[in-house]
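Notes for the structure review
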Amino acid sequence: MKRLAWFAVPVCEVGLLVCLSAGVSLPLPVLLAVEALVVALVAREALVVRRHYAAARRSGAGRRDALAGAVRTAVPVAVRRLTAHEIRSVGSLVRWAARRTHGVGAGDRPVPYTGPQTAMLYGLLFVAVVETVALAVLIPWPVVHLIVLVLDVYTLVMVLALHAGCVTRPHVVGADGSLRIRYGTLFDLRIPADSIASARVDRRFPTGGLLQYAPEEDGKDGGVLDLVVGSQTTVRVELTAPAPFVRPLGATGLARVVRFHADRPEELVKAVREALPPAPGVRG
């Protein structure tokens, strides 16, 4: 029922807007019924949040913790994570304008990874601008024009925010030898220095989405995780033990090998190797 509620609200509202913008004259009872359904679903979720909040407060939780727990219970994890990703991405625009990076401390070495996708994203941004101008001229209906304009502006902002998130959140080789592998606000994997067995340049050109995962065939825990940027990966890191990772929508897994892209893979590999302890039997 919870999933149905979160799905039905936007579907009902979008369907209503499409009908109105297309000039379809809906009977008043239908309009009232649709809006009543939306209000009822939102009210139901609000009551669920309030009930969990009250229960947490009675158990002694603080207001902030009680509210956070109630939202986690009532709102699906995918919705929460998507909302958080968008908020952080928009915040990255401010950080990008200020030329500041996220999560890079003193002694850390940032490694960018946006090279293969920059031209593509700027091309997408150009196409979106052209589409916005063209539709503004071609669409004669004010309601449809407003809806399309809002969607186009949202697209422009999110494309810029995606790029800003990737620029301001580079990979990081920590001063303590740790490795932080990221993709904007969507993915963040921290690997302690003592969990890194080896690192080397390994250029591959996989096809598919951003994150690709293949479990170990020998039944061991963990598998191979590919973080693909611009259809390529350039670094391979093998771990001493499986590392947990979280996908953008909340699914989890274990990776024993991580392959990802870095614009300067040789520098990243050199920095990681310098931080690794010497192999047994090798004198400094």
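If you're wondering where the values come from, they're calculated on a predicted model, not measured in any experiment. (Residues numbered from 1 in each chain as written. Predicted model: local features only at pLDDT ≥ 70, side-chain atom pairs only at ≥ 80, totals over all residues. Heavy atoms only, no water.)

**Regarding the side chain of His171**
On the secondary structure map, His171 appears in strand 2 (residues 171–173). A polar contact is formed between the side chain of His171 and the backbone nitrogen of Arg182, at a distance of 3.1 Å. (Helix = DSSP H or I, 4+ residues; strand = E, 2+ residues; numbered from the N terminus. Polar contact = N/O pair within 3.5 Å; in protein donor to acceptor, adjacent residues only side chain to side chain.)

**Quick word on the sheet that holds strand 1 (residues 109–111)**
What the four strands build is an open sheet, ordered 1-2-3-4; its pairing is antiparallel. Among the strands making up the open sheet, the edge pair consists of strand 1 and strand 4 (187–191). Taken over all neighbouring pairs, the strand axes of this sheet differ in orientation by 15 degrees on average, direction set aside. Sheet topology note: the strand 1/strand 2 ladder contains three bridges and is antiparallel. Among the inter-strand pairings, Pro110 is bridged to a residue of strand 2, identified as Val172. (Pairing = 2+ DSSP bridges. Axes fitted to C-alpha atoms, helices over the stretch in contact; angles between N-to-C directions.)

**Some details on the sheet that holds strand 5 (residues 196–204)**
Strand order in the open sheet made by the five strands is 5-8-9-7-6, with mixed pairing throughout. Pairing within the sheet leaves two strands with one partner each, and these edge strands are strand 5 and strand 6 (211–215). Put simply, the sheet's adjacent strands are angled 35 degrees from each other on average, direction ignored. One ladder, built from five bridges, connects strand 6 with strand 7 (residues 223–227); its direction is antiparallel. Each residue of the ladder has a partner; that of Ala214, found in strand 7, is Val224. Helix 7 (residues 265–275) rests against strand 5, strand 8 (233–246) and strand 9 (252–260) of the sheet, and its axis sits at about 170 degrees to strand 5. (Contact = heavy atoms within 4.5 Å.)

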